[in-house]
Amino acid sequence: MDLKVKQYDSHEYDVIVVGAGHAGCEAALAAARMGQKTLLLTINLDMVAFMPCNPSVGGPAKGIVVREVDALGGQMGKNIDATYIQMRMLNTSKGPAVRALRAQADKNDYHLTMKDAIENEPMLTLRQGLVNELIVEDGVCQGVITATGARYLAKSVVLTAGTSSRGKIIIGELTYSSGPNNSLPSIKLSENLETLGFKLRRFKTGTPPRVDGNTIDYDKTQEQPGDQTPNHFSYETPDTAYLKDQLSCWMTYTNETTHQIIRDNLDRAPMFSGIIEGVGPRYCPSIEDKVVRFADKPRHQLFLEPEGRKTEEYYVGDFSTSMPEEIQLKMLHSVEGLEHAELMRPGYAIEYDIIEPWQLTHSLETKVVKNLFTAGQMNGTSGYEEAAGQGIIAGINAALRADDQPAFTLGRNEAYIGVMIDDLVTKGTNEPYRLLTSRAEYRLILRHDNADLRLTEKGHQLGLISEDRYQKFLVKKQAVEAETKRLTEIRIKPTPKVQDFMVAHHNAPLKDGILASDLIKRPGISYDEIAELVGDESLEADRYVKEQVEIQLKYAGYIDKEKNKVAHLKRLEAKKIPDRIDYSAINGLATEARQKLTKIQPETIAQASRISGVNPADIAILSVYIEQGRIAKIS
């Protein structure tokens, strides 16, 4: 017979964070560093900051988020800088808006280093426990109840349960209840959220097989080494710490044989046989999905990525699959370099619950239950970096709420984190959401290189950036400003040396003198070349200052255009929409607009204008209605 677990009153905290994945770690560390007594509860202490999928951090848009988390005082950047085995700057031949840093992590070392940071944070307690239920009274969250009966009370709670939420692993015909990497699933918490009135839905993500590195034929693959030039994610990591002894990744391709094996076995593919009900990620599809969707493509790129220095496990990147194990083996063995590869772990799909994100505000507090915040994959996103970005915002706001302080939010013009959260709460998502550079309309402002200039001030105000770090930041900021101004005052005359230089760089010779700040805008001309031309040894020596000056001057025209757009956005953001407005009382609104506005309850006119199905005419009607001042409210 089932005995009911007796409950008991345990400790009280200011903030409780549930789940210690990438979102939970950032949330708990942020709350604790802001002076709140914080509890971090997780199903398994051996899964703290675990990487169930790709052992890497960064990439396009995602790398910018890691920098933003660091500029706000978060941990992910520092953690990857301490544990990477390879570092590469991507898109170096393209403009600064799309450049991005990406690192291969030592998977186990990454987990242990983050766990160590959490264990040694004075205001933070880490505890193993499975949360089954929230304590909610009069619509306000007051704590959590664990499977062992412990009742923990708190002023605010952050949920970051990720793919554990009623998780189900699928490999071919095999399905079983599980969290990621065969961990314990969280079932009762999902049921409790439904009872509280939350709308949940099912999403799906997948992971590729892992193979034994000793059985890869590297001669048939292309080596992908790390960069020689130092780069790190954290602004606090010096160039001198750059890892010289990096591990290589290896590139290979699928072929027609691989594709035929997949096509012949689609009846056993859960993605197509109806076993998987959840929606998968558009921008990280399974290999079987790619073969069906891009039937004309003769091959797909694969990356063989080492999972660490002390393991022979290799991650077969871009080969995500939920095919039966025997089919996975045939698929692998058809690939050049993997003909004799030994499978160490099969790929799998995982289905899980998400909270429909339109039920959240920009602070990541839920609209359904007060003092309850959610972050990470359970908000419908996909990716460690997306989770960390939400985690730090949820942790900051949980800490502020515990102190009865106003919420902290980031706008679309301030950070990729702001773009992501606004997309989620305004538009919702029909598939696991992943950040892309194309999602940001101000991406020339939201660059990888300037995250510190955008957000360090805010991190310092929140108490997450130390005084020492802040002073170093101010020195850099002032150096950039001074040097930018100085280049607007240096005039370069058309001497023979300068004219030869212009011709060598495929530029027309100068007719007259030109300001250094204008010359740098010409294609192919760098800051260092300007310094050489003017023969000025006193030009700024710090390469990160030089980088800033060069980008800010070279792209000044484009940046100014974006700043004008931002000014327009700010005017719209300043137009607040009253709480609990009754949209059914506004004459002239289109039916779809009325439904969407009622569902999402936007906070500003700007947010309302970004809702799909709300057109400019609806915005005009809404603006006039608010300006008139006689506002009907939902009782």
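Just so it is clear, the model here is predicted, and its values are computed rather than measured.

## Considerations on the overall build of the chain
Along the backbone of the chain there are 21 helices and 22 strands. Relative to the globule expectation of 26 Å for 635 residues, the C-alpha radius of gyration of the chain, 26 Å, shows essentially globular dimensions. Taken along the three principal axes of its C-alpha coordinates, the chain extends 95 × 75 × 50 Å. For the chain, the share of sequence-separated contacts (at least 6 apart) that also reach a separation of at least 24 residues comes to 73%. With an accessible surface of roughly 27,100 Å², the chain has 50% of that area assigned to carbon and sulfur atoms. Charge separation in the chain, taken as the distance between the mean sites of 77 positive and 87 negative side-chain charges, equals 5 Å.

## As for the sheet that holds strand E14 (residues 222-224)
Spatial ordering of the open sheet is given by E14-E15-E16-E17-E13-E18, a layout of 6 strands whose pairing is antiparallel. Only two strands of the sheet have a single partner each, and these edge strands are E14 and strand E18 (343-345). Averaged over all adjacent pairs, the angle separating strand axes in this sheet is 35 degrees, with direction ignored. Pairing of strand E15 (residues 249-253) with strand E16 (residues 301-306), which is carried by 4 bridges, proceeds in the antiparallel orientation. Looking at E16, one finds that Thr252 is bridged to Leu302.

## Digging into the UniProt feature "binding site: FAD" (unreviewed entry) in the chain
Residues annotated in UniProt with the feature "binding site: FAD" (unreviewed entry) correspond here to Gly19, Ala20, Gly21, His22, Ala23, Gly24, Val131, Ser186 and Gln377. Within the secondary structure, Gly19 sits in the loop between strand E1 (8-18) and helix H1 (22-33). When its relative accessible area of 12% is taken as the criterion, Gly19 is described as buried. Here Gly19 is in contact with Gly24, Leu40, Leu41, Thr42 and Thr160, once residues within four sequence places are set aside. Take Ala20: it is sitting in the loop between E1 and H1. Apart from residues lying up to four places away in sequence, Ala20 is in contact with Cys25, Leu40, Leu41, Thr42, Met47, Val48 and Ala49.

## Let's talk about unusual backbone geometry
One non-glycine residue, Arg166, adopts positive backbone phi at about 50 degrees. Within the secondary structure layout, Arg166 lies in the loop between strand E9 (150-159) and strand E10 (168-171).

## Remarks on the packing of helix H3 (residues 76-83) against helix H4 (residues 107-119)
The relative placement of two packed helices comes down to the angle between their axes together with the axis-to-axis distance. One can describe the packing of H3 onto H4 by two numbers: an axis separation of 9 Å at closest approach and a directional angle of 130 degrees. What the angle tells us is that H3 and H4 run oblique. In this structure, H3 crosses over H4, and the sense of that crossing is right-handed. Every residue of H4 that contacts H3 at Met76, Asn79, Ile80, Ala82 and Thr83 is listed here: Asp109, Tyr110, Thr113 and Met114.

## Considerations on the environment of Tyr235
Residue placement: Tyr235 occurs in the loop between E14 and E15. Along the sequence, Tyr235 and Leu510 sit 275 residues apart, while their C-alpha atoms lie 39 Å from each other. Of note is the side chain of Tyr235, whose polar atom sits 3.4 Å from the backbone oxygen of His448. A distance of 3.2 Å separates the side chain of Tyr235 from the backbone nitrogen of Asp452, its partner in a polar contact.

Cut-offs used in this document
Residues numbered from 1 in each chain as written. Predicted model: local features only at pLDDT ≥ 70, side-chain atom pairs only at ≥ 80, totals over all residues. Heavy atoms only, no water. Helix = DSSP H or I, 4+ residues; strand = E, 2+ residues; numbered from the N terminus. Rg over C-alpha atoms; globule rule 2.2 N^0.38 Å. Contact = heavy atoms within 4.5 Å. Areas by Shrake-Rupley, 256 points an atom, 1.4 Å probe, with all protein chains shown as cover. Lys, Arg positive; Asp, Glu negative; His and termini not counted. Charge placed at Lys NZ, Arg CZ, Asp CG, Glu CD. Pairing = 2+ DSSP bridges. Axes fitted to C-alpha atoms, helices over the stretch in contact; angles between N-to-C directions. UniProt positions renumbered as here; feature names shortened; annotations may be inferred. Buried < 20%, exposed > 50% of the residue type's maximum accessible area, 1.4 Å probe, protein only. Parallel < 35°, antiparallel > 145°, perpendicular 65-115°, else oblique. Left-handed = near helix turned anticlockwise from the far one by under 90°. Polar contact = N/O pair within 3.5 Å; in protein donor to acceptor, adjacent residues only side chain to side chain.

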